[in-house]
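# Summary of structural features
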Amino acid sequence: MSEPQSSGALAVEMAGLDVIPEADAPTATRVENVGLDVIAESDRKGRPSDLFMPWFAANISVLGISWGSWVLGFGLSLIQAVVVSVVGVSLSFLVCGLIAIAGKRGSAPTLVLSRAAFGFNGNRVSAAISWILTVGWETFLAIMAVQATATVMGAMGFTNHVLAQVIALILVVVLAAGSGILGFEAIMKVQTWITWATALLTIVYLVLVAPTIDVAVLSARESAPAAAVLGACCMLLVGFGFGWINAAADYSRYLPRAASTRGVVGWTTLGAALPTVILVFFGILLVGSADESLSEAIGSDPIGALTTLLPTWFLVPFALVAILGLIGGIVMDIYSSGLSLLATGVPVSRPVATAIDGTIMTVGTIVVVFFADSFLTPFTAFLTTLGVVIAAWGGVMLADIALRRKDYDEPSLFTPSGRYGSVNWGAVASLLVGSLVGWGLVVNANASWLSWQGYLLGPLGGRDGDWAGANIGILLAMVVGFVGYWATSVGRVRAQEKLESRTYAQGAESDER
């Protein structure tokens, strides 16, 4: 994305209107203090195509190859696996693209724009949910990056595994948290470097392991029932695009209001889905051609297991691929998680909020890497549980965006007395009902602390039935959120749309008069 210019940046503070002096505007090496701010009209630059690079970089991790293994874990045939991967990944990021429209209309972070749907104070609930989910994802990626780097160092003959983990942890935290604290300008530069380096090395990796692909073995795979196909699709929805929707407008807010809406949707979707589909597809070919040992190894160490197919001379470049690709995702998550924390009402600056999140990420990574016996199963259950909630939240946001035709009234986003009100109980109820319906239709058999879920699966065979693993609650949570909001809030939105939308600068001028 084109870098914002530094002239006349507007800061939107919780207690009033301030103008950031030009000297304080962010650069790639200066800490960005823009938090829950509306970006000034003069600072909104670029084209929708500029969204391609950051989304592409954040999703070009070799971890995508491991997802191919997990898709096949549902017992799908080659054709089923390929089709469900393309459809699931593309649909998941299409939702991100649609929510990115809000950033163009309001030029504020996603978790500020959602105040239009939930109300100023009602939105604190969705902000807290978003914060937990985003911190969870950045911690997951950090753990994978540390594990991958330590595994490769061990394969190269580095015998002190604990020291290798410590070195990897320091590297990940410095690169990811440092870029997240510096802010948008630094993220754009880091993402550019990551994109080109990771894309090149990933191509080399694919070329090196391509000879292991066995078309005959792949073609012999039998088809799975519809429930298994749907289960794989829902897994991909939560694992990819749904994990980003709470931050989907954080980058499009820097574009001009006149930017093409179709372009915003298209470039966001393409940038994120293209590398993901390619990597998952290759993972299907790779793991489907091997014996069960590779699939089992990926379940324990998603990145390190892939090194067993590589010649020794490529281990160092592979380490770069793994850690850079994962850090690409961490950088975007840690920036957006700081914005989510601010949206809950915590009275700190954006760099401090990001530093808090980075600290939680670091502590979580240390606990899991150095002290935990198992991680992937309980954490996947954690993501599925919150994935239902964020799907319901996404349904509410999609309905709100579909109902609106005008830009947001920016001054009203920062006060409970504005046109968006304090709490929209229709949105809150839609989120709650969608979550309850969703949890009733998902199961996490390997996580005993979530045994209460699946309470609505009785008509479908119960928690042990064929449809239990389909996790259709994720899809239905989004549908309930969408329909519920539309039914309860269409009149509210129509009334708001009759009023003239104001930029924050226009609101400041009105206050001065």
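Residues numbered from 1 in each chain as written. Predicted model: local features only at pLDDT ≥ 70, side-chain atom pairs only at ≥ 80, totals over all residues. Heavy atoms only, no water.

## Thoughts on the nonpolar core
Core analysis: the largest hydrophobic core is formed by 132 residues, its most contacted members being Val71, Ile99 and Tyr205. Among the elements that line this core, the one with the most residues is helix α15 (residues 376-403), at 15 residues. With near-sequence residues (within four places) excluded, Ile99 lies in contact with Thr110, Ile245, Ala248, Ala249, Trp393, Gly394, Met397, Leu398 and Ile401. (Core = buried A, V, L, I, M, F, W, Y, C linked by side-chain atoms within 4.5 Å. Buried < 20%, exposed > 50% of the residue type's maximum accessible area, 1.4 Å probe, protein only. Helix = DSSP H or I, 4+ residues; strand = E, 2+ residues; numbered from the N terminus. Contact = heavy atoms within 4.5 Å.)

## A few points about a nonpolar patch on the surface
A contiguous nonpolar surface patch, about 550 Å² in accessible area, is contributed by Ile79, Val83, Val86, Val87, Leu91, Leu94 and Leu98. Inspection of the secondary structure puts Leu98 in helix α3 (residues 78-106). (Patch = residues over 30% accessible without salt bridge, like charges linked within 9 Å, V, L, I, M, F, W, Y side chains within 5 Å. Areas by Shrake-Rupley, 256 points an atom, 1.4 Å probe, with all protein chains shown as cover. Salt bridge = Lys/Arg side-chain N within 4 Å of Asp/Glu carboxyl O.)

## Comments concerning the state of the cysteines
All chains considered together, the criterion is met by zero disulfides. Summary of cysteine pairing: Cys233 is not part of a disulfide, and the nearest cysteine sulfur, belonging to Cys234, is at 5.8 Å. When its relative accessible area of 13% is taken as the criterion, Cys233 is described as buried. The exposure class assigned to Cys234 is buried, which follows from its relative accessible area of 1%. (Disulfide = S-S within 2.5 Å.)

## So, the confidence of the model for the protein chain
Considering every residue of the protein chain, the mean pLDDT works out to 82; 86% of them sit at 70 or more. Within the protein chain, the lowest mean pLDDT, 28, falls on strand β1 (residues 10-13), and the highest, 97, falls on helix α16 (residues 425-439). Low pLDDT, under 50, characterises residues 1-35; the predicted model gives this stretch 98 contacts beyond four residues in sequence or across chains. (pLDDT = per-residue confidence, 0-100.)

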